[in-house]
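Each chain is listed here by its residues.
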Amino acid sequence: MLEQLRQVNGIDPNRDSAEFDLLFENAFDQWVASTASEKCTFFQILHHTCQRYLTDRKPEFINCQSKIMGGNSILHSAADSVTSAVQKASQALNERGERLGRAEEKTEDMKNSAQQFAETAHKAYHEDAISLAKCQPGLLLGRGFRGGAGPSTLPRPETLVAC
């Protein structure tokens, strides 16, 4: 629809009026904003949008107050504020992502360390029990010890006597 806009007519640049006209390729519309200030804001946004997104044929703005088309518009300061807020939010999001990534790496390292510790402890316990069984052969008879496969019923280490 924006591509079809050919002319924006502010009707009278010398007085604050809420009325304006929009001329499209195949239509002409007369509009009345709630206030002259709203009309000014709408024109600033419309002008900025046309300048930014239309490359071939931009609409003509006639009978508009010069402050609307100037560089010190409300729109530019609002756009700067929004841009600044988006940049800050983006930076905060990136920093949060980095922190989450580091936390994920540390969690993975801790998980691997815990697994390695559990395996080493399990192996050491079974090696100690096997060594003790060799030393005291009758100690583990009838207790279901199957060389470390599955759950075992090894005696607790504090009940074992060293060789």
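For the structure itself, look to the data block above.
Residues numbered from 1 in each chain as written. Predicted model: local features only at pLDDT ≥ 70, side-chain atom pairs only at ≥ 80, totals over all residues. Heavy atoms only, no water.

Draft legend 1. Highlighting the overall build of the chain. When its secondary structure is counted, the chain shows three helices and four strands. Going from N to C terminus, the chain has its helices and strands arranged as β-β-β-α-β-α-α. Residue burial in the chain is summarised as follows: out of 163 residues, 21% are buried. For the chain, the proportion of contacts with a sequence separation of at least 24, taken over those separated by at least 6, is 46%. Accessible surface computed for the chain: about 12000 Å², of which carbon and sulfur atoms make up 54%. (Helix = DSSP H or I, 4+ residues; strand = E, 2+ residues; numbered from the N terminus. Buried < 20%, exposed > 50% of the residue type's maximum accessible area, 1.4 Å probe, protein only. Contact = heavy atoms within 4.5 Å. Areas by Shrake-Rupley, 256 points an atom, 1.4 Å probe, with all protein chains shown as cover.)

Draft legend 2. How the structure looks around the pairing of strand 3 (residues 28–32). Pairing geometry for strand 2 (residues 19–24) and strand 3, over five bridges, is antiparallel. Residue pairing for strand 3: Leu 23 is matched across the bridge by Phe 28. Between strand 2 and strand 3, which pair antiparallel one after the other, the connecting turn spans three residues. (Pairing = 2+ DSSP bridges.)

Draft legend 3. Here's a closer look at the nonpolar core. If you look at the biggest cluster of nonpolar residues, it comprises 13 residues, and the most contacted ones within it are Leu 5, Val 8, Leu 22 and Leu 46. Contributions of two or more residues to this core are made by strand 1 (5–9), strand 2 and helix 1 (36–53). (Core = buried A, V, L, I, M, F, W, Y, C linked by side-chain atoms within 4.5 Å.)

Draft legend 4. Inspection of a positive patch on the surface at higher detail. Among the surface-exposed residues, Arg 96, Arg 99, Arg 102 and Lys 106 lie close enough to one another that they form a single positively charged patch. When you line up the elements, Arg 102 lands in helix 3 (residues 74–135). By relative accessible area, which is 45% here, Arg 102 ends up partly exposed. (Patch = residues over 30% accessible without salt bridge, like charges linked within 9 Å, V, L, I, M, F, W, Y side chains within 5 Å. Salt bridge = Lys/Arg side-chain N within 4 Å of Asp/Glu carboxyl O. Lys, Arg positive; Asp, Glu negative; His and termini not counted. Charge placed at Lys NZ, Arg CZ, Asp CG, Glu CD.)

Draft legend 5. Fine view of the packing of aromatic side chains. This model, assessed by the stated rule, comprises five aromatic pairs. Judged by centre distance (5.2 Å) and plane angle (80 degrees), the rings of Phe 20 and Phe 43 are edge-to-face. Taken together, the positions of Phe 20 in strand 2 and Phe 43 in helix 1 put the pair 23 residues apart, joining distant regions of the chain. Like Phe 43, Phe 20 is buried. You can call Phe 43 buried: its relative accessible area is 0%. Taken together through their ring pairs, the aromatic side chains of Phe 20, Trp 31, Phe 42, Phe 43 and Phe 61 make up a single cluster. (Phe/Tyr/Trp six-rings, centres within 6.5 Å; stacked < 30°, edge-to-face > 60°.)

Draft legend 6. Main features of the state of the cysteines. Applying the stated criterion across every chain yields a total of zero disulfides. Of all cysteine sulfurs, the one in Cys 64 lies closest to Cys 40, which takes part in no disulfide; the gap is 9.3 Å. The class for Cys 40 is buried, based on a relative accessible area of 12%. (Disulfide = S-S within 2.5 Å.)

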